[in-house]
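# Structure at a glance
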Amino acid sequence: PLMAKADNKYKEGQVLKVIIGGLPNLPYINQPRQVEEHEYTLPPIPHKSEILYYDLPKKDQFWKRIEYPPLFYSYVPGVTEITDEESETLSSCMRMDKERRRNGLWYMNNGIPNYITGNNYYFLQWGDMLNGALDDNGNSYPSYRKFQRDLFYFIDLCDVNEDCLGGFVAKSKKVGATQIFASVYANKGTLDEKILLGVMSKTGDECESTNMAMIKYMIDKMPQIILPKKGTQGAMKISFSHPSQKPTGTKQYKEKMQKLMNERVLNTTIMGKTTKVGAFDGPRYKYLWFDEFPKYHQSVKISPKEIFEKDTAAVKLQQTITGKVWITAYTPEVDDKGFLEAKQIYYDSKKITINPKNILKRTKSNLFCYHISSLYATEGTFDKYGEVDVEKAYRINEEERQNAVGDSNKLQALIRQQSRHEDESWMIGGAGSLFDNMRLMASIGEKENKVFMREKFYRRGNFRWTGMRFRSTIEFVDNPDGKWYLTRLLDESLVNKFMLPSDGKKNIIPNDV
């Protein structure tokens, strides 16, 4: 993360002196943004009059929640009396907000035009966070973070790609990813018509108390003027639809309910589910969100792989992808079945698994994958423009690791919780591992540095049997055109001295390789 690519002609933040329409001409802005191994194409930059804060001094150009007229927040449909002029103002604000929630917006950020998606706008503008730090008004709205912007870019590029089933987001702990996906559900659930959104976590209780609670809280804190009519509600259900039963009771009550049923509604529902295979059988879903995915086996002894293979049928029609799947989690500290299955699905989501000869250009899992590094997501390292001090984040991260030296289990857990790159998230060596992976990973890191410095630290050649195939020992023969590159990860004093022979007998023989 501290190393810039030499072939990047334009860096984010570089300002050229050519002025077009009152704004710097920044060619890199119209180029696709690199989001992990994917490219995200930004929409065209609008006229400066449509870019927020363009007329402010550079030091004041940073994200601030948009202040709509006071009536926009206090208006209660069917209760508040307003004038025709106020009605027109409110209608204009509603249209503007809906446009921003769907298509995002541009704003000036420290002198640079910055685009945020519609979901990102909703998160910053209306995503009041459950159990977040409260401001003077009793609210807990998030601040802008560049790494979160890029996650929203990833969500967007998965959403529009017809060959992508969705995204697997492996993250560091406490980076706000659960709040982010809760806000995506709150945005879609109160904006789009006739869709079904499903949520699952490591247990049904966790889904109710965390995922569904976050979504409900955000929705309940939205201004009533942009909140659609609610239908049947429950601990694991948020519905924007008509009542499921015909109105009964007094004549006055039935007339009131019938009037409500005649009103236009979204017919959209958000459903939380108990953790089990086949929980989403039946109707077609727009989104399925599997939170804490690698922990399903540890929590309820259910295979994440089986859930993935069975329940993703709810967003497919034969080979056609009709919805999206979102998987989120920081990797657990235990190397159990759930961890290993989730790891396989994650790496099966790499672009390298796409077979160029296939008609459908899909990864092996049909998903894309994305990792959130702790070096870009450590709280206390951001400025008001959402930029991170990577060096400070690294120092904080490294100090915590150094304090855990001597306790390999604690250190391994810390590395997974605050992973710097995806390989740290998924490397084997959690609780129950037979190997001292801290020593192995340190040695591998040393070799990676030597690769970067172009130092030769290996021998090239081939392996061959010294006698009869499968009945003799193996030796390594140097060959400049050989297939194998051989190096030693550990000092000689630490290498395993014995191995089981290939014939499976219980006697052991020395191993010099």
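In short, a report on the structure. (Residues numbered from 1 in each chain as written. Predicted model: local features only at pLDDT ≥ 70, side-chain atom pairs only at ≥ 80, totals over all residues. Heavy atoms only, no water.)

### Quick notes on the packing of aromatic side chains
Overall, the coordinates contain 33 aromatic pairs when judged by the stated rule. With a centroid separation of 6.4 Å and 15 degrees between ring planes, the pair formed by Y115 and Y153 is classed as stacked. Remark: Y153 occurs in helix α4 (residues 146–160) and Y115 occurs in strand β6 (residues 112–116); sequence separation between them is 38 residues. In terms of burial, Y115 and Y153 fall into one category: buried. Three or more aromatic residues link up through ring pairs in this structure, and these residues are F168, F280, Y285, F290, F293, Y296, F339, Y346, Y347 and W426. Positioned above the aromatic ring of Y53, the side-chain terminus of K64 is 4.3 Å from the ring centre. (Phe/Tyr/Trp six-rings, centres within 6.5 Å; stacked < 30°, edge-to-face > 60°. Helix = DSSP H or I, 4+ residues; strand = E, 2+ residues; numbered from the N terminus. Buried < 20%, exposed > 50% of the residue type's maximum accessible area, 1.4 Å probe, protein only. Lys NZ or Arg CZ within 6 Å of the ring centre and 35° of its normal.)

### Observations concerning unusual backbone geometry
Of note in the backbone geometry, E36 takes a positive phi value of approximately 55 degrees without being a glycine. Turning to its location among the elements, E36 is positioned in the loop between β3 (33–35) and β4 (38–40). Phi at N267 is positive, roughly 60 degrees, even though this residue is not glycine. With relative accessibility at 38%, the residue N267 sits in the partly exposed group.

### Here we look at the side chain of N139
Locating N139 in the fold gives a position in the loop between α3 (118–126) and α4. Residue classification places N139 among the buried positions, given a relative accessible area of 17%. A distance of 3.4 Å separates the side chain of N139 from the side chain of K221, its partner in a polar contact. Apart from the residues lying within four places of it in its own chain, the contact partners of N139 are D128, A133, L134 and K221. (Polar contact = N/O pair within 3.5 Å; in protein donor to acceptor, adjacent residues only side chain to side chain. Contact = heavy atoms within 4.5 Å.)

### A few points about the packing of α3 against helix α5 (residues 177–189)
A pair of packed helices is characterised by two quantities: the angle between their axes and the separation of those axes. Two elements in contact, α3 and α5, have axes whose closest approach is 9 Å; the angle formed by their N-to-C orientations is 105 degrees. Between α3 and α5, the crossing angle belongs to the class labelled roughly perpendicular. Listed contacts from α5 to G118, N119, Y122 and F123 of α3 are Q179, I180, S183, V184, A186, N187 and K188. (Axes fitted to C-alpha atoms, helices over the stretch in contact; angles between N-to-C directions. Parallel < 35°, antiparallel > 145°, perpendicular 65-115°, else oblique.)

### Focus on the pattern of salt bridges
Throughout the structure, instances matching the rule amount to 20 salt bridges. In this structure, the salt-bridge partner of E88 is R95, at a minimum N-O distance of 3.7 Å. When the shortest N-O distance is used, the salt bridge between R362 and D163 registers 3.2 Å. Taken together, the residues span a long stretch of sequence, with R362 in the loop between α10 (337–347) and β16 (367–372) and D163 in the loop between α4 and β7 (166–171) at a distance of 199 residues. R362 sits in the buried class, given a relative accessible area of 10%. One continuous salt-bridge network, built from bridges that share partners, spans R102, K188 and D192. (Salt bridge = Lys/Arg side-chain N within 4 Å of Asp/Glu carboxyl O.)

### Observations concerning helix α2 (residues 84–103)
Its 20 residues place the ends of α2 29 Å apart at the C-alpha level, agreeing with the 28 Å of an ideal helix rising 1.5 Å per residue. Regarding α2, the residues found buried are L90, C93, D97, R100 and R101. Projected down its long axis, α2 carries its buried residues within an arc of 95 degrees, all on one side. Of the exposed residues in α2, the ones pointing more than 90 degrees away from its buried face are D84 and E85. On its buried face, α2 is in contact with α1 (70–74), β5 (105–109), α3 and α5. G104 lies just past α2 and shows a positive phi near 80 degrees. (Expected span 1.5 Å × (residues − 1). Arc of directions from axis to C-beta.)

### Observations regarding a nonpolar patch on the surface
A grouping of F463, I474 and W484 is seen on the molecular surface, where their side chains present a nonpolar patch of about 280 Å² in accessible area. For F463, the location among the structural elements is in strand β17 (residues 459–465). (Patch = residues over 30% accessible without salt bridge, like charges linked within 9 Å, V, L, I, M, F, W, Y side chains within 5 Å. Areas by Shrake-Rupley, 256 points an atom, 1.4 Å probe, with all protein chains shown as cover.)

### Section: the sheet that holds β7
A sheet is described by the order of its strands in space; here 8 strands give the open sequence β9-β10-β11-β8-β12-β15-β7-β16, paired in mixed fashion. With one partner strand each, in any of the chains shown, β9 (233–234) and β16 form the two edges of the open sheet. Note: strand β10 (residues 237–240) against strand β11 (residues 268–273), 4 bridges, orientation antiparallel. Bridging from a neighbouring strand, S239 pairs with T269 of β11. Contacts between helix α9 (residues 304–311) and the sheet are confined to β8 (196–200), β12 (287–291), β15 (324–329) and β16, with β12 contributing the most and set at about 175 degrees to the helix. (Pairing = 2+ DSSP bridges.)

### Some points on the packing of α4 against α5
Two elements in contact, α4 and α5, have axes whose closest approach is 11 Å; the angle formed by their N-to-C orientations is 50 degrees. For the element pair α4 / α5, the angle class is oblique. The interaxial crossing formed by α4 with α5 has right-handed handedness. Mapping the contact onto sequence places Q148, L151, F152, I155 and D159 in α4 and I180, F181, S183, V184 and K188 in α5. Class assignment of the residues belonging to the contact of α4 with α5 gives a composition of 6 nonpolar, 2 polar and 2 charged. (Left-handed = near helix turned anticlockwise from the far one by under 90°. Nonpolar A, V, L, I, M, F, W, Y, C, P; charged D, E, K, R; others polar.)

In short, the description is geometric, and any link to function would need to be established separately.
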